[in-house]
Amino acid sequence: MKSYEKLFIDGRWVAPVNNGSFQTVDPSNEQVIAKVAAATAEDVDLAVKAARRAFDEGPWPRMRGAERAMVLRRIGQGIRDRLQALAEIEVRDNGKPLPEALWDLGDAAGCFEFYAGLAEKLDENAETAIALSDDRFSSVARKEPIGVAGAIIPWNFPLLMAAWKVAPALAAGCTMVLKPSELTPLTALELADIAAAADLPPGVLNVVTGFGKDAGAALSEHPGVDKLAFTGSVPTGSRIMQAAARDIKNVSLELGGKSPFIVFDDSDIDAAVEWIMFGIFWNQGEVCSATSRVLVQRGIYAALIERLKEEARKITIGNGLHEGVLLGPLVSKGQYDKVREAVQRGVDEGARLVTGGGRPAHLEKGYFMEPVVFADVPTQSWVWNEEIFGPVVCIRPFDDEDEAVRSANDSRFGLGAAVMSRDNARCERVARKLRAGIVWINCSQPTFTEAPWGGYKQSGIGRELGEWGLNNYLETKQITRYGSDKPWGWYIK
């Protein structure tokens, strides 16, 4: 692979101040695939200052939305032009199967194209007239870009998560410093290359790779940043929120989840098994919204678990670049060890291990794990209540609707939830009772750029995607005019 030993700052590729670097590893074979630049606080400071200049003095915030839209569309097309190569990089860096990577990158391109359309609409919707109680005055509410945005993204959907933040920020007229995960930094650097080729002005997008304790902390604490956007774990989100509080920065957080999936006994068992598997085994279960906590009505409980066991054992596991693979390795040794420990903890706490948890016999290297199905999981157990972030589904029975809703809502998380039944009225009723930011009916995990994404409770603050994602990067200004050239008459009569 090509060299990734430079940072992208102010439209140029530059070596880190201290020339530091780290290695990124292919999780399917544990081999080093690239050496990557390791930014420190000094590099982050340079990147933020570049973004600050680009916002305060550069053309980007002052362009018409239609002009920014042209650049965003070129970025989207640049992703599409390199789709296969980018997807292969994503597979080697993250481990996910190639068809999933291709899907993700198509969505990333679509995200830039969607926000290009919203950028164009800003030209006509930037100001809204306000009806006042005193007709001597007129007033408008005006939308303006918030300023310099710092974005910190996770390793589970590397380029897609970058797109979710970069595209709306750029559409709004903001400038940005992007810090990708040290586990999967490569496609963020490729995005910088694509943005430069699309004639994005220097300093508008800066990409700094490195570790959270060095680059991430420096970005979240930098006084030159106006807005922080983060996707990742609750503990890290809490630290970023504390850092933001010191300067009263605007912040949006998309954090963890332990999303419930309620399956009523009038459901088709094959359809339920399909959506349960998609909800937890897609992307190796490394999904914030994964429906990892499944509640099945007692009438079909035993039959569904048997069918799920049968289908889970059929999943093809292997290198994501190999044809037919549906489950790749976990992203790193650290994550692999955490998931293995969680599985053992589930067994120790009394959950029934139906299938999975071991290393596939044909794979001697790599962070591979057979998909795990736990049944009869105690409600007080760690695996029922905490995010595992791996291919591990926890199932328990319920008797009636009220019990199912109570159990589903009994969580400190509230990102996603799902309900399945042939009774449409019941599905609608339950969907409205579930305390989650995203609720799926008769499915799990479909995600659309047009719809809001975010959670209740400890699953985060704010919403991404759709018009809500654009509003994350806009401020509202009131401009009020007095409509006469004569004194108002309060002091001067």
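Everything discussed here concerns the structure shown above.
Conventions used here
Residues numbered from 1 in each chain as written. Predicted model: local features only at pLDDT ≥ 70, side-chain atom pairs only at ≥ 80, totals over all residues. Heavy atoms only, no water. Pairing = 2+ DSSP bridges. Helix = DSSP H or I, 4+ residues; strand = E, 2+ residues; numbered from the N terminus. Axes fitted to C-alpha atoms, helices over the stretch in contact; angles between N-to-C directions. Contact = heavy atoms within 4.5 Å. Phe/Tyr/Trp six-rings, centres within 6.5 Å; stacked < 30°, edge-to-face > 60°. Buried < 20%, exposed > 50% of the residue type's maximum accessible area, 1.4 Å probe, protein only. Lys NZ or Arg CZ within 6 Å of the ring centre and 35° of its normal. Parallel < 35°, antiparallel > 145°, perpendicular 65-115°, else oblique. Left-handed = near helix turned anticlockwise from the far one by under 90°. Nonpolar A, V, L, I, M, F, W, Y, C, P; charged D, E, K, R; others polar.

A.B. asks: Whenever I open this one, the sheet that holds strand β18 (residues 416–420) confuses me. Can you help?
C.D. replies: Within a sheet, neighbouring strands are paired by backbone hydrogen bonds and run either parallel or antiparallel to one another. Strands sit in the order β14-β15-β16-β13-β12-β18-β19 across an open sheet of seven strands; the sheet is mixed. Strands at the two margins of the open sheet, each flanked by one partner only, are β14 (352–355) and β19 (438–441). The mean inter-strand angle of the sheet, taken between neighbouring strand axes irrespective of direction, is 20 degrees. Against the sheet, helix α14 (residues 424–433) contacts β12 (260–263), β18 and β19, and its axis sits at roughly 170 degrees relative to β19.

A.B. asks: Would you take a moment to explain the packing of aromatic side chains for this structure?
C.D. replies: Each pair of aromatic rings is reported with the distance of its centres and the angle of its planes. Applying the stated criterion across every chain yields a total of 14 aromatic pairs. The interplanar angle of 65 degrees and the centroid separation of 5.6 Å between the aromatic rings of tryptophan 164 and tryptophan 453 together place this pair among those described as edge-to-face. Of the two residues, tryptophan 164 is situated in helix α5 (residues 158–172) and tryptophan 453 in the loop between β19 and β20 (456–457); the sequence distance between them amounts to 289 residues. Both rings, one in phenylalanine 278 and one in tryptophan 282, keep their centres 4.9 Å apart while their planes meet at 40 degrees; by these two values the pair is tilted. Since its relative accessible area comes to 22%, phenylalanine 278 is described here as partly exposed. Ring pairing ties together the aromatic residues Trp103, Trp275, Phe278 and Trp282, which thus form one cluster. Sitting over the face of the ring of tyrosine 473, lysine 227 holds its NZ or CZ atom 5.4 Å from the ring centroid. The ring of phenylalanine 264 carries arginine 426 above its face, with NZ or CZ at 4.0 Å from the centroid.

A.B. asks: Whenever I open this one, unusual backbone geometry confuses me. Can you help?
C.D. replies: Residues apart from glycine generally show negative phi values, whereas peptide bonds are mostly found in trans. Within the chain, glutamate 30 stands out as a residue other than glycine whose phi angle is a positive 65 degrees. Residue position: glutamate 30 is located in the loop between β3 (21–26) and β4 (31–37). For glutamine 445, which is not a glycine, the phi torsion comes out positive at approximately 85 degrees. Along the polypeptide, glutamine 445 turns up in the loop between β19 and β20.

A.B. asks: How do you make sense of the packing of helix α2 (residues 65–81) against helix α6 (residues 186–197) when you look at a structure like this?
C.D. replies: Packed helices, taken two at a time, are described by the angle between their axes plus the distance between the axes. Here α2 crosses α6 at 125 degrees, and the two axes come no closer than 9 Å. When the interaxial angle is binned, α2 and α6 end up oblique. The interaxial crossing formed by α2 with α6 has right-handed handedness. Across the interface between the two elements, Ile75, Gly78 and Ile79 of α2 pack against Leu191, Ile194 and Ala195 of α6. Taken together, the residues of the contact of α2 with α6 sort by class into five nonpolar, one polar and no charged.

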